[in-house]
Amino acid sequence: MVERSTPLPQAEPLAPHSDDPGAASGELAKPAIGGRNAARQRSTKQAGHGPGNATHGRMADRSNWNARRAYAAIDLGTNNCRLLIAKPAADGFVVVDAFSRVVRLGEGLGQTGRLSDAAMDRAVAALSICADKLRRRHVALARSVATEACRKASNGPDFIERVRRETGIVLDIITAEEEARLAVLGCHILLEPGDGPALIFDIGGGSTELVLVDSSGPVPDILDWMSVPWGVVTLTESESFDPEDAQARDAAYRRMRARVVESFAPFARRLPQLADDDRRLLGTSGTVTTLASLHLDLPCYNRDAIDGLIVPSESMRAISARLAGLSLQQRRELPCIGKERADLVVAGCAILESILDIWPAVRLGVADRGIREGILRALMGRDAPLLSSPTAQAQHGSRT
């Protein structure tokens, strides 16, 4: 499957602005610094991304032209709608605008099999803002993807057509494997150096992707992967209990953990046996960034402090257990959680602990980047190698 790139109309430029507190303007190709393993940074030139790898006149001209272009990526997930607009730079790309809004597109999907009218209205409203930003930023190439909610919903294709008609955005409903590939492409640079395979995961709203990679080359090879239909929205909606009853909360958490572990079991049996110290683990999701913020006891979310952070896994387990025991109101009062995440974060904790069960790494890497960054790297690096799994190569074909 070749990535769809949609040219967009131009309009007047907009002054620099960002509505996404987790994607501040600035260079995103490197992990944030400030006491967090800065030596782990790898030049994106090695991976062929950005204009720095042009070696002759024709390529240099193309690279200079590309550097003036704005590229965009939209990720419409089960819970969030996210946009990132960036321009190429020698060592990656520079973000010029970003947007993120909780839309809960998959709300109630597990019970009805359909996207609700209210959820679709919220998503279309957010995508209309994205469309306006694309026009105002003179975006030349964009790719917009939809994930698990649209994959599962019986009215998913009708919703995609409504979005095209009302906003002009053409959403591509990607497969779970493509979702995993893009997430890895967007965050793999934050993996700790080391030998042997590493595990990268993405906890979404409607699904969780686990990807085993060989990171010995400049771009990881996918060795194995799995997607399970449990994300923070779907797992939360799978449990009905009294949130004010401490015993009921504990029992529901244990059931969520058991449900996810059972789903992970086929993948867990295929994982290599390594010493815990040799296991490398990297997570990209609102769950891991939220828990990392609590680990640092931040008064509010700070991407610079989180992206690239390495956290002891036992600390993340302890925070997960604490959150699972709190009432909904108590979670709402915690910094970096608030009302929007308070009812979903416990399901994320259950998924995270289940991942640590099957891949008990001593440390967990935290990435505030993923599918959007993967899309941008692919759009900007058409002549560079992407993830080199045979399946991915077959999906994307040759590029010139």
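The residue numbering used here restarts from 1 in each chain and proceeds along that chain's sequence as written. Thresholds applied to this predicted model are a pLDDT of at least 70 for local features of residues and 80 or more for the giving and counting of side-chain atom pairs; totals over whole chains, interfaces and linings are not thresholded and use all residues. Values shown for side chains rest on all heavy atoms present in the structure; no hydrogens or waters enter the calculation.

S.K.: Looking at this structure, I do not really get the overall build of the protein. What am I missing?
M.R.: To qualify as a helix, a DSSP run of H or I must reach at least 4 residues; to qualify as a strand, a run of E must reach at least 2; elements of each kind are numbered from the N terminus. Helix and strand content of the protein: 16 helices and 13 strands. Exposure classes here rest on a 1.4 Å probe applied to the protein chains alone. A residue is buried below 20% of its type maximum, exposed above 50%, and partly exposed in between. Per-residue burial for the protein yields a buried fraction of 56% across its 400 residues. To be clear on the numbers: accessible area is Shrake-Rupley with a 1.4 Å probe, and residue cover counts the displayed protein chains and nothing else. Of the roughly 16,000 Å² of accessible surface on the protein, 51% is carried by carbon and sulfur atoms.

S.K.: I keep staring at the confidence of the model for the protein and nothing clicks. Help me out?
M.R.: Parts of the prediction with low pLDDT should not have their coordinates interpreted in detail. The predictor reports its confidence for every residue as pLDDT, a score running from 0 up to 100. Taken residue by residue, the protein gives an average pLDDT of 82. The fraction at 70 or more is 78%. Contacts from residues 383-400, a stretch scored under 50 in pLDDT, to residues over four places away or in other chains number 40 contacts. The contact rule is simple, with two residues in contact once any of their heavy atoms fall within 4.5 Å.

S.K.: Just to check I follow, could you spell out the pairing of strand β9 (residues 208-214) for this structure?
M.R.: Within a regular strand, the side chains alternate between the two sheet faces. Most of β9 sits out of view: six of its seven residues are buried. When DSSP finds two or more bridges between a pair of strands, those strands are recorded as paired. Of the strand pairs in this sheet, strand β8 (residues 198-203) and β9 are connected by six bridges, and their pairing is antiparallel. Pairing of A198 across the sheet is with V213, part of β9. The loop that links β8 with its antiparallel partner β9 comprises four residues. Here seven bridges tie β9 to strand β10 (residues 221-228), and the two strands are oriented antiparallel to one another. Note that in β10 the partner of V211 across the bridge is W225.

S.K.: How should the side chain of E192 be read in this particular structure?
M.R.: Along the chain, the position of E192 falls in the loop between α6 (176-187) and β8. A residue is classified by how much of its surface remains accessible, and E192, at 16% relative accessible area, is buried. What qualifies as a polar contact is a pair of N or O atoms within 3.5 Å, subject to a donor-acceptor requirement within protein and to the restriction that residues adjacent in sequence count only when both atoms come from side chains. Side chain to side chain, E192 and R363 meet in a polar contact 3.2 Å long.

S.K.: In this structure, what is going on with helix α8 (residues 246-270)? I would like to understand it.
M.R.: The α-helix winds at 3.6 residues per turn, so residues separated by three or four positions along the chain end up facing the same way. Between the first and last C-alpha of α8 there are 36 Å, a value that for 25 residues agrees with the 36 Å anticipated at 1.5 Å per step. Approximately 50° is the largest bend angle found in α8, and it occurs at F264, with the proline P266 only one to four residues beyond. A248, R249, A251, A252, Y253, M256, R257, V260, F264 and F267 are the residues of α8 that are buried. Take the number of residues in a helix, subtract one, and multiply by 1.5 Å to get its expected span. A residue's bend is simply the angle between two axes: one fitted to the seven residues ending at it, one to the seven starting at it.

S.K.: Explanation requested: the nonpolar core in the structure shown.
M.R.: Across soluble globular proteins, you tend to see nonpolar side chains buried next to one another. Nonpolar core, defined: a set of buried Ala, Val, Leu, Ile, Met, Phe, Trp, Tyr and Cys residues in which side-chain atoms within 4.5 Å join the residues together. Core analysis: the largest hydrophobic core is formed by 52 residues, its most contacted members being F201, L281, L323, L352 and I355. Among the elements that line this core, the one with the most residues is helix α14 (residues 345-358), at 10 residues. Counting residues in each nonpolar core, the second largest holds 33 residues, with A123, A131, V139 and F159 among its members.

S.K.: Even after reading the chapter, I still don't get unusual backbone geometry, so can you show me in this structure?
M.R.: Glycine aside, negative phi is the norm for most residues, and most peptide bonds take the trans geometry. Look at R104: it is not a glycine, yet its phi comes out positive at around 50°. Counting through the fold element by element, R104 comes out in the loop between β5 (92-102) and α2 (109-112). You can call R104 buried: its relative accessible area is 17%. Located in the positive-phi region is C336, a residue other than glycine, with phi close to 75°. As for its placement among the helices and strands, C336 is situated in the loop between α12 (328-332) and α13 (338-342). The exposure class of C336 is buried, given its relative accessible area of 19%.

S.K.: Which parts of the structure should I look at to understand the pattern of salt bridges?
M.R.: If charged atoms from side chains of opposite charge come close, those side chains can pair. Salt bridge criterion: a side-chain nitrogen from Lys or Arg within 4 Å of a carboxyl oxygen from Asp or Glu. By the definition in use, this model includes 27 salt bridges. Between R254 and D250 there is a salt bridge; the shortest N-O distance is 3.1 Å. Of this pair, R254 and D250 both sit in helix α8, four residues apart, roughly one helical turn. By relative accessible area, D250 is classed as partly exposed at 40%. Taken together, the shared-partner salt bridges connect R257, E314, R317, E353 and D357 into one network.

S.K.: Help me understand the environment of A131, please; the structure alone is not making it clear to me.
M.R.: Residue position: A131 is located in helix α3 (residues 117-136). A131 gets classed as buried once you look at its relative accessible area, which sits at 5%. Note: C-alpha distance between A131 and I74 (57 residues apart in sequence) is 9.9 Å. Apart from the residues within four sequence positions on either side, A131 is in contact with T167 and I169.

S.K.: Help me understand the environment of P243, please; the structure alone is not making it clear to me.
M.R.: Here P243 shows up in the loop between α7 (232-237) and α8. As for P243 and S327, which are separated by 84 residues in sequence, their C-alpha atoms are 6.4 Å apart. Ignoring sequence-local partners within four residues, the contact set of P243 consists of R249 and S327.

S.K.: Which parts of the structure should I look at to understand helix α11 (residues 313-325)?
M.R.: For α11, which comprises 13 residues, the first-to-last C-alpha distance of 19 Å matches the rise-based estimate of 18 Å (1.5 Å per residue) to within 8%. Residues of α11 that are buried include every one of S313, S315, M316, R317, I319, S320, L323 and A324, and no others. Looking at the packing, one finds that the buried side of α11 touches α8, α9 (286-295), β12 (310-312), α12, α14 and β13 (363-367).

S.K.: Looking at this model, I keep getting lost on the side chain of D368. Mind explaining?
M.R.: Turning to its location among the elements, D368 is positioned in the loop between β13 and α15 (371-380). Here the side chain of D368 touches Y301 through a polar contact of 2.7 Å, side chain to side chain.

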